[in-house]
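What follows is the residue order along each chain.
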Amino acid sequence: MFSISTVLTACVGVGIVATAGCVGAGSKPDPLLAPQPFYTVMGEIALTRHEPRVAALQYQAAAEGTLDPSLLQRATQVAAETLQPSIAAVVSARWISVQPNSLDAHHAAARAALALFRIDESAAHYRVVLQTSPDGTDAAFTRLGTELGSVDNAFGARQLADKLAQAFPSSAAARQLQGFAQLRADDPAAAVRSFTSALALKPAAGAADAGAQAEASAQAEASAQADADRELAQALARARISAGDVEAPLAEFQARLDRDGTPANRLDYALLLLSAQRDDAALEQLAILARAPEAAPVALRLLGIVEYQQGKFDAAGMRFTELLRTGKFLDDAFYYLGLIAEKHDDPERALRLYAQVQTGEYFVSTLLRAATILQNHGDAPAADQLLDRLVDDTPEQAPEIFAARARIYADAGDIERGLQVLDWGVLQYPDNVDVHYALAATYEQAGRVPEALRELSALAKARPEDPAALNALGFTLADHDKQLSHARALIERAHAAAPKNAAILDSMGWVRFRQGNAEQALPYLSEAYADDRGGDIAAHLGEVQWTLGHQAEADRIWSAAAIVDPDNRLLKSTRQRMHSLK
């Protein structure tokens, strides 16, 4: 037991979210029972009380009978910001009926449909936005690329990009968008085709008429275009490497570095070496880059991350400590130093380091790690307080926090409390797939496999073209030796859509192993482990190696994974079980 008051003060803002909800939070109000302003006022009150579902439903009721575009816009905004895409879809449809030419309305409808994995519907609305954007289709595609790059639904984004590329066959911007979406969705061979097509469709350099522009504007445009071209070339090389064409892109970028040893060229080459899983060569390039003052922060950050992933925690700690001295990427450095402190079994130091993370991509992950430490070291009330405040401070990530909170409780032995958290999460965010996945995983952890399969089956039925949903159901069936032929068919459909996804490759191997085909399983599991060295995949690969008589190789894999993922329960239990069979 140790003091955490200063940690909590530093980590989060003020305010605690009430865990009790109002009665009927999942029911839509009857708009006939009260005048319209009543519902908007109640919606705003619900927002201040952190009741997202109630707020969206109140605004939906206010929107049903109105012809006021501003109210419809506000109702759509509330539904989107409270993560209620089903409601956003309904209200934005009403908005479009009132204002059919509103690009904002079509954009909102497109985003809602994508969140619900209604890809055809989303593409139809995005086509309107792209075709009628006041600054042109290419500029709209650029904005959409940024938008799709930040969504969690990578498989849906890829299917959407495929449809938009079909709708705009002569657009280089559409092909480029498609390539990036395919790369994120683990189909690098398709990305190679799309990027190559984008390059072919781009106008020749200097084809645009710059004479009518001011010189400064022309130079700025040329610089932006050069950056875009460099990004496209890098993405194409990365896709080629991931698709199996390794040597040629590496040779091309090494030659470029030899001709012009700029930090930018060295960084590009190092990133490609990482894509090719040539980590030691990449580390050499990054170490050179770290000696250039202007490039040192980026290089040190990457060096630390790679060494951490390799299990070289002391070396990584030195990199992140040096990164702190540069004054750059401070949140990243404190986050990883906290992780390293946990690896060294120093929770108090980890909490102090986590307290320094103020913003950035690791902010929520940091506070979830802090809550886990508090829960595991006898201060559950402080953990609860931290989690409550975290929802208050980052409502846009509330479903992720619900899922993590349930996992914290379940791992601490209180599975029923974890299920209660997720039941409330489903009530507040019925469309959020992560909460449903977490509920299924917690049911499975509790030994309630039929309930887990029911939850996953419902997701697969609602999202029949979603590789993640197909894979989750297929893997769970296979893992419990149920309906193996059906499980394999589901997983193979997922694999066809995302042939390089590590989780799906793991499932491809595991279902074959469950069917008694260890030799067939090995290539899939080996490929999955080459991309993701986490404990679950290592457990599966090691078991297959052990079954094939390669006990020394199995132990090597398990030992390496245990360095990086020492708390993985599946890894521990698999190793113990296989050794007990000797």
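Note that the structure is a prediction, hence the values are computed from the model and not measured. (Residues numbered from 1 in each chain as written. Predicted model: local features only at pLDDT ≥ 70, side-chain atom pairs only at ≥ 80, totals over all residues. Heavy atoms only, no water.)

Thoughts on the overall build of the protein chain
Helix and strand counts for the protein chain stand at 32 helices and 0 strands. Compactness check: the protein chain gives a C-alpha radius of gyration of 25 Å against a globular reference of 25 Å for 582 residues, within 12% of the reference. Dimensions of the protein chain along its principal axes, counting C-alpha atoms only, are 75 × 70 × 55 Å. Sorting the 582 residues of the protein chain into buried and exposed places 49% on the buried side. Once local pairs closer than 6 in sequence are excluded, the contacts in the protein chain between residues at least 24 apart make up 54%. By element, 53% of the accessible surface of the protein chain is carried by carbon and sulfur atoms, the whole surface being about 26,600 Å². Averaging the coordinates of the 53 positive side-chain charges in the protein chain and doing the same for the 74 negative ones gives two points 3 Å apart. (Helix = DSSP H or I, 4+ residues; strand = E, 2+ residues; numbered from the N terminus. Rg over C-alpha atoms; globule rule 2.2 N^0.38 Å. Buried < 20%, exposed > 50% of the residue type's maximum accessible area, 1.4 Å probe, protein only. Contact = heavy atoms within 4.5 Å. Areas by Shrake-Rupley, 256 points an atom, 1.4 Å probe, with all protein chains shown as cover. Lys, Arg positive; Asp, Glu negative; His and termini not counted. Charge placed at Lys NZ, Arg CZ, Asp CG, Glu CD.)

Describing the nonpolar core
The biggest cluster of nonpolar side chains holds 88 residues, and the ones touching the most others in it are Phe320 and Tyr336. The dominant element in this core, judged by the number of residues it contributes, is helix H22 (residues 398–411), at 9 residues. In this structure Phe320 touches Arg301, Gly304, Ile305, Ala333, Tyr336, Leu337 and Ile340, once residues within four positions along its chain are discounted. Counting residues in hydrophobic clusters, the runner-up holds 25 residues, among them Ala63, Ala75, Ala79 and Val91. (Core = buried A, V, L, I, M, F, W, Y, C linked by side-chain atoms within 4.5 Å.)

A word on the environment of Met318
Mapped onto the elements, Met318 comes out in helix H17 (residues 313–326). Using a relative accessible area of 61% as the deciding quantity, one classes Met318 as exposed. Taking the C-alpha atoms as reference points, Met318 and Ala181, separated by 137 residues in sequence, lie 35 Å from one another.

It is worth stressing that arrangement in space is one thing and function is another; only the former is reported here.
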